[in-house]
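Observations on chain architecture
Read off the chains here:
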Amino acid sequence: MERKIRILIAKPGLDGHDRGAKVIARALRDAGMEVIYTGLRQTPEQIVAAAVQEDVDCIGLSILSGAHMTLFPRVLDLMKEQGLDDVILFGGGIIPDEDVPKLKEVGVAEIFTPGASTQAVIEYLRQHVRSAA
Amino acid sequence: MSTTKNPASGTSEAEASWQEKTLEPTLRKMPERMEQFTTTSLYPIKRLYTPSDLDGIDFDEDVNFPGQFPYTRGIHATGHRGRLWTMRQFAGFGSAFDTNKRFKYLLAHGQTGLSTAFDLPTLMGLDADSPLSEGEVGKCGVAVSSLADMEALFDGIPLEEVTTSMTINAPASMILAMYFVVAEKQGASWRKISGTLQNDILKEFIAQKEWIYPPRPSMQLVIDSFKFCTDEVPRWNFVSVSGYHIREAGSTAIQELAFTLRDGIEYVQWGIDAGMDVDAFAPRISFFFNAHNDFFEEIAKYRAARRIWARVMRDRFGARDPRSWQLRFHTQTAGVTLTAQQPYNNVARVAIQALAGVLGGTQSLHTNSLDETLALPSEHAATIALRTQQIIAHETGVTNTVDPLAGSYFVEKLTSEMEAGALEYIRKIDEMGGMVEAIDRGYPQKEIHEAAYEFQRAMERGEKLVVGVNAYTEVSDESVQPPMLVIDNQTAELQIQRLADLRATRDSDGVARALDLLAAGAAEGRNTMPLLIDCVRAYCTLGEMCDALKAVYGEYQEPDF
């Protein structure tokens, strides 16, 4: 039997804007995926530790505070340290268009900005997450 | 049988005849665009409202004249004919020096009150040099770590002459103490200064989620500030009970109305339980609502809010002073409706939302800038937002008469439906034992999440269209992007340096003594406000004051709902 896609949805930064993170978590769950939501104000260290512990296929970061250029690279570094090479890092939030290519260059798989549908996220994950044995 | 007073134009008989002879042939020829029409809150709206919709609404009891109980038509007899609303644009970014310049710019351009946005570390009670503040200093608001920053923020602005609103919650008492000490140093009398402190911790647990302490000690801090202001700073509005953030988090209009008013009830109840006379403090409670896209739903919401509050205050709490019955509110247009796509469209959205706030009888208004979904507002965008209010005030004519939509079958009916929906939620929360208990159970949090998810699904099904996002997405000119205000990291460096200088030059024994007295006093249940004011005078930092109380009150961890 095929393993369900396992996703960690995480909310770094000091702000409390968790509407998007919670809506996405719910939509992915309704699409049959296993979702772990970290809650608010998680440090990159906490996020990557949770990803290791939960053995996830991908990590989704929701960032609305403007700190995305600091937080994504730091999470990627920690993922490398922990050997999470086949885990996909994607994200969403208030991220200006000109920052998206820069984030992809350093290894963020995809960025979903406001207006993206939950269906688009679901389809992206179904296509890109390795089919686990 | 309809009891309408004007049988010629709207009896059920006449309506039946209209349906048969006029409506049905039309529907056969041209069906309606949708099966069900709903507001942006997914609330169903009928095809037509008629005099029969006014059944059950008693003009004298439920609507009445403006300035008269239950204030459905407004708290002032003359509406906006007497005085326009206060145009209060929220501002704050970078250092206290940067924001001080923006304040002076706004005052010079006709703004009539100040409104301060603090950065995330300040909102969380953290100093700029805390490791948790990295990357966030001065980004979403102004950084204030001590009295020195507050002095710079209001430098050259006479506090007896302007009113200041401060959007701060978990560390509201500490920031308020700083403001009072700045006034004291300017020689401004505490009895004359006026302004508004948001200080609404309940909606933090419900929606905005910037908390420090658990709900009960947090409420104690709030009540301490109520008492202190009532005695010492009588013109200060010490709480702005806020639906804005509840709505932004995805609630419906009815939920915004219900949870906000139930929060208001909770504050009044705690004040009374603490031994205060309701009429001594209730007139200083104000409210803060969202102005969302659905025009009539918003207007009905404001009218229902006044009616519910008047009755709650008179009948539930036995308040006798009419000022305790009158719901005064600030309005801000809905940030969540702004789109990054085709950002200039936001000017139109903001204008229509602001118009709903004005027609709903708001006392003050913030209009969002077109670029706020991308970054903090640029000066140009902020000016257009202010000009939008001035156009409504001086060009549209909507201020010529009081509550012009009263008597509309639709608006009166919708007002009553909003009221009924909110009262049902209030009853449920009463049954749970109050808002603090409801928060413990995650009740309002879950209701809001449910509504946010439903709206998202309706949008994805194409039932709700957002121009530029899921409809009309063709962009004629990709280069049309507004200029953006960027806060560099220099702000943080300067702020951290200033803080290091402060820590090196202040009387550290005095700081330690003031903090010890604060913690000891809080543990004994003494009013924290005078203790905080002494800490501020000694130049204790925000983080130091908040930490001293963490040792007494503990820290909040959100349960998993």
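In what follows, the structure referred to is the one given above.
These figures come from a predicted structure and were not determined experimentally.

Criteria and thresholds
- Residues numbered from 1 in each chain as written.
- Chains lettered and ligands numbered in written order.
- Predicted model: local features only at pLDDT ≥ 70, side-chain atom pairs only at ≥ 80, totals over all residues.
- Heavy atoms only, no water.
- Contact = heavy atoms within 4.5 Å.
- Buried area = accessible area lost by both parts, 1.4 Å probe.
- Salt bridge = Lys/Arg side-chain N within 4 Å of Asp/Glu carboxyl O.
- Polar contact = N/O pair within 3.5 Å; in protein donor to acceptor, adjacent residues only side chain to side chain.
- Core = buried A, V, L, I, M, F, W, Y, C linked by side-chain atoms within 4.5 Å.
- Buried < 20%, exposed > 50% of the residue type's maximum accessible area, 1.4 Å probe, protein only.
- Helix = DSSP H or I, 4+ residues; strand = E, 2+ residues; numbered from the N terminus.
- Pairing = 2+ DSSP bridges.
- Right-handed = clockwise from strand over helix to strand, strands pointing away.
- Phe/Tyr/Trp six-rings, centres within 6.5 Å; stacked < 30°, edge-to-face > 60°.
- Lys NZ or Arg CZ within 6 Å of the ring centre and 35° of its normal.
- Axes fitted to C-alpha atoms, helices over the stretch in contact; angles between N-to-C directions.
- 1 Å grid on protein atoms, 1.4 Å probe; cavity = no way out; pocket = protein on both sides within 12 Å on 5 of 7 lines; lining within 4 Å.
- Points joined across faces, edges and corners; volume = space filled by probe spheres on them.
- Nonpolar A, V, L, I, M, F, W, Y, C, P; charged D, E, K, R; others polar.

1. Considering the interface of chain A and chain B
Interface extent is often summarised as the accessible area lost during association of the parts. Of the residues lining the interface, 23 residues belong to chain A; the matching set on chain B comes to 32 residues. Interface area lost by chain A to chain B is led by L14(A), R19(A) and R26(A), which between them contribute 32%. Between chain A and chain B we count 3 salt bridges in total. Measuring nitrogen to oxygen at the nearest pair gives 3.1 Å for the salt bridge that ties E450(B) to R26(A). There are 11 residue pairs in polar contact (both at pLDDT 80 or more) connecting chain A and chain B.

2. Comments concerning the nonpolar core
The biggest cluster of nonpolar side chains holds 137 residues, and the ones touching the most others in it are M150(B), M166(B), F180(B), I193(B), W236(B), M313(B) and M545(B). Contact partners of M545(B), with chain neighbours within four places excluded, come to M174(B), M178(B), Y213(B), L515(B), L518(B), L532(B), C535(B), V536(B) and C540(B).

3. Quick word on the pairing of strand β4 (residues 88-93) of chain A
Residues and elements named next belong to chain A. Counting buried positions along β4 gives 6 out of 6 residues, so the element sits mostly inside the fold. Burial along β4 is two-sided: the face carrying I88, F90 and G92 and the face carrying L89, G91 and G93 are both buried. Direction of pairing for strand β3 (residues 58-63) relative to β4: parallel, over a ladder of 6 bridges. Paired with S62 across the two strands is G92, which belongs to β4. Each parallel crossover has a hand, and the one from β3 via helix α3 (residues 68-81) to β4 is right-handed. Bridge analysis of β4 against strand β5 (residues 110-112) gives 3 bridges, and the strand direction is parallel. Directly across from G92, in β5, lies its bridge partner F112. As a crossover connection, the stretch from β4 through helix α4 (residues 99-106) into β5 is right-handed.

4. So, the packing of aromatic side chains
As enumerated under the stated definition, the model contains 30 aromatic pairs over all chains in all. A centroid spacing of 5.9 Å and a plane angle of 70° characterise the contact between W190(B) and F228(B), whose relative ring orientation is edge-to-face. Taken together, the residues span a long stretch of sequence, with W190(B) in the loop between α8 (172-186) and β5 (194-197) and F228(B) in helix α10 (residues 215-232) at a distance of 38 residues. On the basis of relative accessible area, W190(B) is assigned to the buried category, the value being 17%. Taking the relative accessible area as the measure of exposure, F228(B) reaches 9% and is therefore buried. The structure contains a cluster of three or more aromatic residues connected by ring pairs, namely F103(B), F154(B), Y179(B), F180(B), W190(B), F228(B) and W236(B). Directly above the aromatic system of W211(B) lies the positively charged group of R41(A), at a separation of 5.6 Å from the ring centroid. Here the guanidinium or amino end of K428(B) rests over the ring plane of Y425(B), the centre of that ring lying 5.5 Å away.

5. Observations concerning the sheet that holds β3(A)
All names here are of chain A. As summarised here, the arrangement of the 5 strands in space is β2-β1-β3-β4-β5, forming an open sheet in which the pairing is parallel. Only two strands of the sheet have a single neighbouring strand rather than two, namely β2 (34-40) and β5. Neighbour to neighbour, the strand axes of the sheet diverge by 20° on average, direction disregarded. Packing of helix α5 (residues 118-128) onto the sheet brings it into contact with β1 (6-11), β3, β4 and β5, and relative to β5 it is tilted by some 165°.

6. As for the environment of I254(B)
Residue and element names in this part refer to chain B. Looking at where I254 falls in the secondary structure, it is placed in helix α12 (residues 253-273). Since its relative accessible area comes to 11%, I254 is described here as buried. Along the backbone, I254 and L370 are 116 residues apart, and their C-alpha atoms lie at a distance of 27 Å.

7. Focus on helix α23 (residues 528-537) of chain B
Residues and elements named next belong to chain B. Burial of α23 is extensive: 7 of the 10 residues sit out of reach of the surface. Listed as buried for α23 are T528, M529, L531, L532, I533, C535 and V536. Close packing links the buried residues of α23 with α7 (147-153), α8, α10, α22 (508-524) and α24 (542-553). Capping of α23 at its N-terminal end is provided by N527; its side-chain oxygen lies 2.8 Å from the backbone amide nitrogen of M529. Once α23 ends, the next one or two residues include Y539, with phi positive near 65°.

8. Points about the side chain of N346(B)
Residue placement: N346(B) occurs in helix α16 (residues 345-359). For N346(B), the side chain forms a polar contact with the side chain of R349(B), separated by 2.8 Å.

9. With respect to the layout of surface pockets
Sizing a probe to match a water molecule and rolling it over the atoms shows the empty space that remains. What the second largest pocket holds in volume is close to 1,200 Å³. Taken together, 41 residues line the second largest pocket, and the ones lying closest to its centre are G13(A), G39(A), L40(A), R41(A) and Q42(A). Breaking the lining of the second largest pocket down by element, the ones donating at least two residues are α1 (19-30), β2, α2 (44-54) and α3 of chain A together with α20 (443-460) of chain B. For the lining of the second largest pocket, a count of residues per class yields 17 nonpolar, 10 polar and 14 charged.

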